[in-house]
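Spelled out, the chains give:
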Amino acid sequence: MSVKQIQEEILKLKKEQDVLILAHYYQPIEIQEIADHLGGSLGLSRLANKADTDYIIFAGVDFMAETASILNQNKKVLIPNPESCCPMAAYLTADKVKEFRLNNPNLPVVVYVNTTAAVKAESDICCTSANAVDIVKRISSEFKTKTVLFGPDANLADYVEQKSGIKCIKMPEEGNCYVHSQLTIDDMEKIRIAYPNGEILVHPECIREVRELADFVGSTGQMYNRVKNDTTVEKDFCIGTEKGLMERMAQDFPKKNFHLISEKLLCYNMKKNTIELMRYVLEHLDDPMFEVKVPSEIAERALIPIERMLEFS
Ligand code: 13P
Ligand code: SF4
């Protein structure tokens, strides 16, 4: 059966049931094409917060589905492949957060949404790459301090510190995304030579030396909007984030030219969701294997920093 036929079956199954499909820009393009809504982490959290269907299928990685479940404790949140996880989240545990708090009393704890629900439950506020700078500014003024605890992405912490002037103590020093941290100075120099009039966009999860060679640093949603709002004809955009976003933009903006800075920019975890699994989940909405359910005791505590983030951004 062709991808197109599977997509048609999915759309039919979706119509017959009370389901909302949310998909991240890093999903395989054939999943992006059948989603009700596509977006970056922040946009999808906002949409999950407004969901009014009995079922939400979250095509993304586990922490995204967990966030949707925390925001919708009375709904069924499903993930097509339960093994689709974000390895960055494993850099920070709830016990580590408690230890950092103990050693740094009175400092606010800011955690990236790329964390487990148990870690969120120990934090004061969450952030995404789209709002991290603003969130850190807000929480530091609320706590009347110029230092915050920030984890687990050390590159995002460094970026926020540069942009806000507020010290971000990294929880831990070495947390990173294996996809974005692979981009090198050499990759950046090569792409600049190949497209001297092009614009280079990278994600804040890249290392500082790479970010400093880019023309624009932003979240997936911010990159998308930057390209969308650019009116220059036939422009080259060099993309420094996971390939899925570039595929989305290439479809949405056919008159613009897109180049992936490096073929290494593939998140294997995001790609564990497949179009076949999407159809299977739609045929088995009540199979507990696909359900993402955060225990209520943790969900209630994790909800507070997520809601604070949504309120602030
Ligand atoms: P965004 O928050 O920019 O959508 O990115 C999510 C992510 O997983 C980055 O690697
Ligand atoms: Fe996690 Fe990086 Fe994949 Fe994003 S791209 S889900 S941060 S491993």
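To keep things clear, this report deals only with the structure shown in the data block. (Residues numbered from 1 in each chain as written. Chains lettered and ligands numbered in written order. Predicted model: local features only at pLDDT ≥ 70, side-chain atom pairs only at ≥ 80, totals over all residues. Heavy atoms only, no water.)

Here we look at helix α11 (residues 220-228)
Where α11 is concerned, the buried positions are Thr220, Met223, Tyr224 and Val227. Down the axis of α11, the buried side of the element spans an arc of 100°, and every buried residue falls inside it. Buried residues along α11 sit in contact with β1 (19-24), β9 (199-202), β10 (216-217), β11 (236-240), α12 (243-252) and β12 (257-260). (Buried < 20%, exposed > 50% of the residue type's maximum accessible area, 1.4 Å probe, protein only. Helix = DSSP H or I, 4+ residues; strand = E, 2+ residues; numbered from the N terminus. Arc of directions from axis to C-beta. Contact = heavy atoms within 4.5 Å.)

Structural notes on the pairing of strand β3 (residues 55-59)
In terms of burial, β3 is a largely internal element, five of the five residues being buried. A two-sided burial pattern is seen for β3, the buried positions comprising Tyr55, Ile57 and Ala59 on one face and Ile56 and Phe58 on the other. As judged from the five bridges shared by β1 and β3, these two strands associate in the parallel manner. Looking across to β3, one finds that Ala23 is bridged to Ala59. (Pairing = 2+ DSSP bridges.)

A word on the sheet that holds β10
Reading across the sheet, the four strands line up as β10-β9-β11-β12 and stay open at both edges, with parallel pairing between neighbours. Edge positions in the open sheet fall to β10 and β12, since each of these has one partner strand only. Here two bridges tie β9 to β10, and the two strands are oriented parallel to one another. Note that in β10 the partner of Val202 across the bridge is Val217. Sheet strands in contact with α11 are β9, β10, β11 and β12, and its direction is about 160° off that of β9. (Axes fitted to C-alpha atoms, helices over the stretch in contact; angles between N-to-C directions.)

Some words on the packing of aromatic side chains
For the coordinates displayed, the defined rule picks out four aromatic pairs. With 5.5 Å between their ring centres and 15° between their planes, Tyr25 and Tyr224 make a pair best called stacked. Of this pair, Tyr25 sits in the loop between β1 and α2 (29-32) while Tyr224 is found in helix α11, placing the two residues 199 residues apart along the sequence. Grouping residues by exposure puts Tyr25 and Tyr224 together as buried. Ring centres 5.8 Å apart and planes at 25° place the aromatic pair Phe237 and Phe258 in the stacked group. Placement of the pair is Phe237 in strand β11 and Phe258 in strand β12, with a sequence separation of 21 residues. Look at Phe258 and you get buried, because its relative accessible area is 14%. An aromatic cluster of three or more residues is present, and its members are Tyr25, Tyr224 and Phe253. The ring of Phe312 has Arg138 sitting right over it, with the charged end atom 3.9 Å from the ring centre. Its guanidinium or amino end placed over the ring of Phe253, Lys256 lies 5.3 Å from that ring's centre, counting from NZ or CZ. (Phe/Tyr/Trp six-rings, centres within 6.5 Å; stacked < 30°, edge-to-face > 60°. Lys NZ or Arg CZ within 6 Å of the ring centre and 35° of its normal.)

Concerning the pairing of β1
Where a strand is regular, its side chains alternate between the two sheet faces. The buried fraction of β1 is high, at six of six residues. What you see with β1 is no split at all: Val19, Ile21 and Ala23 on one side and Leu20, Leu22 and His24 on the other are buried throughout. Here β1 runs beside strand β2 (residues 37-39); their pairing, made up of three bridges, is parallel. Paired with Leu22 across the bridge in β2 is His37.

Notes on the environment of Leu303
By secondary structure assignment, the location of Leu303 is in helix α14 (residues 296-312). For Leu303, a relative accessible area of 19% corresponds to the buried category. When the C-alpha positions of Leu303 and Gln73 are compared, they lie 9.9 Å apart, and in sequence the two are 230 residues distant. Every residue in contact with Leu303, bar those within four places of it in the chain, is listed here: Ile70, Leu71 and Gln73.

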